[in-house]
Amino acid sequence: MSESRLFQWDVVKPASGQVVAPTERLPWPQTAALGVQHVIAMFGATVLAPLLMGFDPNLAILMSGIGTLIFFVVTGGRVPSYLGSSFAFIGVVIAASGYAGKGPNTNLGVALGGIIACGAVYAIIGFIVAATNRQQHRVSQPLKGLEVDEIEDGVATHWIERLMPPVVTGSVVAVIGLNLAQVPIKNMAPTGFDTWMQLVTFLCVGLVAVYTRGMVQRLLILVGLIVASLIYAVLTNGLGLGKPIDVSAIVAAPWLGFPTFVAPVFKSDAMLLIAPVAIILVAENLGHLKAVGAMTGTDMNPYIGRAFVGDGIATMVSGAAGGTGVTTYAENIGVMAATKIYSTAMFVVAALIAIVLGCSPKFGAVIQAIPLAVMGGVSIVVFGLIAMAGAKIWVDNRVDFTDNANLIVAAVTLILGTGDFTLKFGGLALSGIGTATFGAILLYALLGRRR
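Residues numbered from 1 in each chain as written. Predicted model: local features only at pLDDT ≥ 70, side-chain atom pairs only at ≥ 80, totals over all residues. Heavy atoms only, no water.

Student: In this structure, what is going on with empty space enclosed by the protein? I would like to understand it.
Tutor: Gaps left between atoms are located by rolling a probe of water-molecule size over the structure's atoms. Enumeration over the complete set of coordinates arrives at 1 cavity of 30 Å³ or more. Taken as a whole, the largest cavity encloses approximately 30 Å³ of empty space. For the lining of the largest cavity, the residue count by class is 5 nonpolar, 2 polar and no charged. (1 Å grid on protein atoms, 1.4 Å probe; cavity = no way out; pocket = protein on both sides within 12 Å on 5 of 7 lines; lining within 4 Å. Points joined across faces, edges and corners; volume = space filled by probe spheres on them. Nonpolar A, V, L, I, M, F, W, Y, C, P; charged D, E, K, R; others polar.)

Student: Looking at this structure, how should I read the packing of aromatic side chains?
Tutor: Two numbers describe a pair of aromatic rings. These are the distance of the centres and the angle of the planes. Going through the model one piece at a time under the given rule, you end up with 5 aromatic pairs. With 6.0 Å between their ring centres and 40 degrees between their planes, Trp9 and Phe72 make a pair best called tilted. One end of the pair, Trp9, is in the segment before strand 1 (10-11); the other, Phe72, is in helix 2 (residues 57-74), with 63 residues separating them in the sequence. Overall, Phe72 belongs to the buried group, its relative accessible area being 5%. Seen from their ring centres, Tyr122 and Phe308 are 5.8 Å apart, and the 40 degrees between their planes marks the pair as tilted. Of this pair, Tyr122 sits in helix 4 (residues 108-140) while Phe308 sits in helix 14 (residues 304-321), and the two are 186 residues apart along the sequence. (Phe/Tyr/Trp six-rings, centres within 6.5 Å; stacked < 30°, edge-to-face > 60°. Helix = DSSP H or I, 4+ residues; strand = E, 2+ residues; numbered from the N terminus. Buried < 20%, exposed > 50% of the residue type's maximum accessible area, 1.4 Å probe, protein only.)

Student: Could you clarify how one ought to interpret the side chain of Thr201 in this entry?
Tutor: Within the secondary structure layout, Thr201 lies in helix 8 (residues 192-211). Of the residues examined, Thr201 reaches a relative accessible area of 0% and is grouped as buried. If we skip the residues at most four places from it in the chain, Thr201 touches Ala228, Ala373, Val374, Gly377 and Val378. (Contact = heavy atoms within 4.5 Å.)

Student: Please explain helix 16 (residues 345-358) as it appears in this structure.
Tutor: For an α-helix the count is 3.6 residues per turn, leaving residues at separations of three or four pointing the same way. Under the 1.5 Å per step criterion, the end-to-end length of helix 16 is 20 Å for 14 residues, consistent within 8% with the ideal 20 Å. Among all positions of helix 16, only Ala345, Met346, Phe347, Val348, Val349, Ala350, Ala351, Ala354 and Gly358 are buried. (Expected span 1.5 Å × (residues − 1).)

Student: Sorry, what's going on with the pattern of salt bridges here?
Tutor: Two side chains of opposite charge can pair, provided their charged atoms sit close to one another. Within the structure shown, the criterion is met by 1 salt bridge. Note that Asp396 and Lys392 form a salt bridge whose closest N and O atoms lie 2.6 Å from each other. Separated by 4 residues within a single helix, Asp396 and Lys392 lie in helix 18 (residues 372-396), roughly one turn from each other. Relative accessible area serves as the criterion here: at 46%, Asp396 is assigned to the partly exposed category. (Salt bridge = Lys/Arg side-chain N within 4 Å of Asp/Glu carboxyl O.)

Below is the structure:
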């Protein structure tokens, strides 16, 4: 599919279990149904992340749809991905804005400036990778006149993988979850009843994760949250044991209307704190691209630079409007793996549905009515899963912790991030995830040189 045929796909009717390529699509009714399925897959995390940071969930959903369309155009419709709210921003946004964990974030503009800076760094990395592609083409094939898409990219990702080997990326991802642990424990359970409801909530999520199958299991966070909210309503609205759920805002909210846009504020300390998240987004996107390439049998290497640029621009656009930073979603890759359908057409449909949902204040009021204690219980699970995702990177890549260099890099990074280690440069401060990220990269560069 050439870029001149961006919104055209080869229509196929595959046999059961047959792979549908990114440049192909099923008939539109089936494609639309698949688009709805991908909205459901991304929904829980894309709504949860803005709530944990005090963002407007309606705006986050809207910008996820717009960001997905931007990504689709920049990658020429070749990379099947949905861009949703990134959890990698939660810790640094909370630190930069001083968010207390409940209601709208009153210092949101400062965080938005940092998100835009992160997107810019991310896009620059993408342009460098794309330029590396072209340079490799000119040096290796100076006479054949091949297009960039026609050669394998053996150099573009090499320097990224050298800079951020699995021991580094695993450590930094783990730190994101560990650094956030204090938020639900200290800020989202003001009463003893709320503490018990947090326990009920993460038990609900755990039971869904273990004892259900299929799509319900894939939506374990969302289903667990709904079940816990119903239990909370019975105990509070029904039995009077805690603060009842107020549905008046849901009843009063209109069905249609634009979300509230927020202007960014650019402060150097917040930008310095949030911009390093670009490193995590690069690692996530690179891993997702490799996974899709392996599942489809398609070489995704020529599109790595474009994917980084598309994600970076989408993050900048989202931050400029008041939305969260975005990233490619593993949840949707999991759905593709289950269905063996990788058509980019279904992501265009999913993006359009998300844009419509984002323009419904009633939908946003429902989200805002979720009890704080239930959000706290879900947060415990989500932050723990983020930490375990870092450990999984170590396991999947067989990181050798008998090697002292790997051992020191991981050990120091985890403590810097969990303990919120802070370095001050005049009026600037780099703390927590920022020091852990830069520390991991610099430590590995220093200690791993002998290799």
